[in-house]
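One letter stands for each residue in the lines below.
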Amino acid sequence: MSIHHVRRGSGKPLILVHGLGSSRDAWSLVTLTLAIHREVIALDLPGHGRSPPENDSGTFAGLARSFDDWLVQEKLPGADMVGSSMGARLVLEMARRGRAGAVVALDPGGFWKGWERGFIKTTLSASGLLVRSLRPALPKLAHSPTARTLLLAQLAARPWALNGDLVARELASIADTATFDALVRDLAYGPPQAGPAAANTGPVTIGWGRHDRLCFPVQARRAKRAFPNARLVWFKRSGHFPMWEQPGETVRTILETLGQDQ
């Protein structure tokens, strides 16, 4: 099992799990603050960043198996964890399996229905194709407020205000993720995320951006029904990635869930 990860800080472990096509760098705006309180472990899922894919890394079930196995390998079952998008669904799945401590899931996938499935497939497939076609120009485009607005209007409430370096890394990561298209198909048409959290799981918080145009806010209610004991938190000025647009509020939500002073 070869999952690249970076540890910062000291204390009780806190695992950060990125989303589809992303990498551990997705957490760059919150990692250092969280590391004041915890040992933060940010990983690259198989087939993403610096982690090689496994045979089943083009499926959600495969990523969940790899993540679960890695938790055992690193002696981390029951660790607190935070996830974003597909990574948020992964940490909810670990909560369902009883493999997690406290959990924060930011805009998790897996709660779409009906026409939303086709929407997810079409829009993510088109986005992946576009980003790959623009690969040589991505560093320049990412540092243009106008280009950021055009490329990320679906994902951010204020895409022009996002950090250009962060956006450049994220877009490059999407372009370089070989399992991206396979995962899009599997996530769009696979089974929905089941709940609830196992009895031995710690507190669960589901966070959702009010301006999420990928995983629509109506899906937050479905997530809450699947995990009825979870706390639902709204990020009023955020799209799909609260840790990018409201990093301070994201850190506060995480620390509140962990029961730690800020």
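See the structure above.
None of these values were measured; they are calculated from a predicted model.

Caption draft 1: Structural detail: the packing of helix 2 (residues 60-73) against helix 3 (residues 86-97). Across the interface, helix 2 lies against helix 3 with an axial gap of 10 Å and an inter-helix angle of 60°. Considering the angle they form, helix 2 stands oblique to helix 3. Relative to helix 3, helix 2 is oriented so that their crossing is right-handed. In this structure, helix 2 contributes F60, L63, A64, F67, D68 and L71 to the contact, and helix 3 contributes M86, R89, L90, E93, M94 and R97. Residues that form the contact of helix 2 with helix 3 fall into these classes: eight nonpolar, no polar and four charged.

Caption draft 2: Highlighting the environment of T146. Among the structural elements, T146 can be located in helix 6 (residues 145-152). Considered as a pair, T146 and A161 are 15 residues apart in the sequence and their alpha carbons are 9.9 Å apart.

Caption draft 3: Layout of the sheet that holds strand 2 (residues 13-17). In spatial order, the strands read 1-3-2-4-5-6-7; together these seven strands make up an open sheet with mixed pairing. Edge positions in the sheet fall to strand 1 (5-8) and strand 7 (231-235), since each of these pairs with one other strand and no more. On average, each strand axis in the sheet is inclined to that of its neighbour by 15°, with strand direction left out of account. In this sheet, strand 3 (residues 39-43) lies alongside strand 2 in parallel orientation, the contact comprising five bridges. Its bridge partner being in strand 3, P13 is matched across the sheet by E39. Contacts from helix 2 reach strand 1, strand 2, strand 3 and strand 4 (80-84) within the one sheet, and its direction differs from that of strand 2 by about 160°. Sitting on the sheet, helix 11 (residues 247-258) touches strand 2, strand 4, strand 5 (103-106), strand 6 (204-209) and strand 7, and the angle it makes with strand 7 is about 170°.

Caption draft 4: Fine view of the nonpolar core. Core analysis: the largest hydrophobic core is formed by 82 residues, its most contacted members being I15, L34, F67, W70 and M81. The element contributing the most residues to this core is helix 3, with seven residues. Discounting chain neighbours no more than four positions away, the residues touching L34 are L14, L16, V40, V251, I254 and L255.

Caption draft 5: Spotlight on the pattern of salt bridges. The tally for this structure, following the rule as stated, stands at 19 salt bridges. Across the pair E116 and R222 runs a salt bridge, and its minimum N-O distance is 2.6 Å. On the criterion of sequence distance, the pair formed by E116 in helix 4 (residues 115-133) and R222 in helix 9 (residues 218-226) is long-range, its members being 106 residues apart. Notably, a salt bridge pairs R237 with E249, separated by 2.7 Å at the nearest N-O pair. Here E249 lies in helix 11 and R237 lies in the loop between strand 7 and helix 10 (242-245), a separation of twelve residues in the sequence. Beyond isolated ion pairs, a larger network of salt bridges with shared partners links D68, E93, R96, R97 and R99.

Caption draft 6: Summary view of the packing of aromatic side chains. All told, the structure shown has five aromatic pairs when counted by the stated rule. Geometrically, the ring pair formed by W115 and F119 is edge-to-face, given 6.1 Å between the ring centres and 70° between the ring planes. With a gap of four residues between them, W115 and F119 both fall in helix 4, about one helical turn apart. Relative accessible area serves as the criterion here: at 61%, W115 is assigned to the exposed category. Overall, F119 belongs to the partly exposed group, its relative accessible area being 25%. Summarising the aromatic geometry, the rings of F119 and F216 are spaced 5.1 Å apart at their centres and angled 35° between planes, so their arrangement reads as tilted.

Caption draft 7: Region of interest: the pairing of strand 4. Within strand 4, five of the five residues are buried, which leaves the element mostly enclosed by the surrounding structure. Neither face of strand 4 is open: one carries D80, V82 and S84, the other M81 and G83, and all of them are buried. Relative to strand 4, strand 2 runs parallel, the two being bridged by four bridges. Looking at the pairing, I15 lines up with M81 of strand 4. Bridging between strand 4 and strand 5 involves four bridges; their strand directions are parallel. The partner of G83 across the bridge, within strand 5, is A105. On the question of chirality, the crossover connecting strand 4 to the parallel strand 5 by way of helix 3 is right-handed.

Caption draft 8: Summary view of unusual backbone geometry. Here the bond from G195 into P196 is cis, since omega is -5°, no more than 30 degrees from zero. In this fold, P196 is placed in the loop between helix 8 (180-189) and strand 6. You will see that K75, though not glycine, has its phi angle at about 60°, which is positive. With respect to the helices and strands, the residue K75 is situated in the loop between helix 2 and strand 4. For K75, a relative accessible area of 73% gives the class exposed. For D107, which is not glycine, the phi torsion reads 50° and is therefore positive. By the element assignment, D107 lies in the loop between strand 5 and helix 4.

Analysis parameters
- Residues numbered from 1 in each chain as written.
- Predicted model: local features only at pLDDT ≥ 70, side-chain atom pairs only at ≥ 80, totals over all residues.
- Heavy atoms only, no water.
- Axes fitted to C-alpha atoms, helices over the stretch in contact; angles between N-to-C directions.
- Helix = DSSP H or I, 4+ residues; strand = E, 2+ residues; numbered from the N terminus.
- Parallel < 35°, antiparallel > 145°, perpendicular 65-115°, else oblique.
- Left-handed = near helix turned anticlockwise from the far one by under 90°.
- Contact = heavy atoms within 4.5 Å.
- Nonpolar A, V, L, I, M, F, W, Y, C, P; charged D, E, K, R; others polar.
- Pairing = 2+ DSSP bridges.
- Core = buried A, V, L, I, M, F, W, Y, C linked by side-chain atoms within 4.5 Å.
- Buried < 20%, exposed > 50% of the residue type's maximum accessible area, 1.4 Å probe, protein only.
- Salt bridge = Lys/Arg side-chain N within 4 Å of Asp/Glu carboxyl O.
- Phe/Tyr/Trp six-rings, centres within 6.5 Å; stacked < 30°, edge-to-face > 60°.
- Right-handed = clockwise from strand over helix to strand, strands pointing away.

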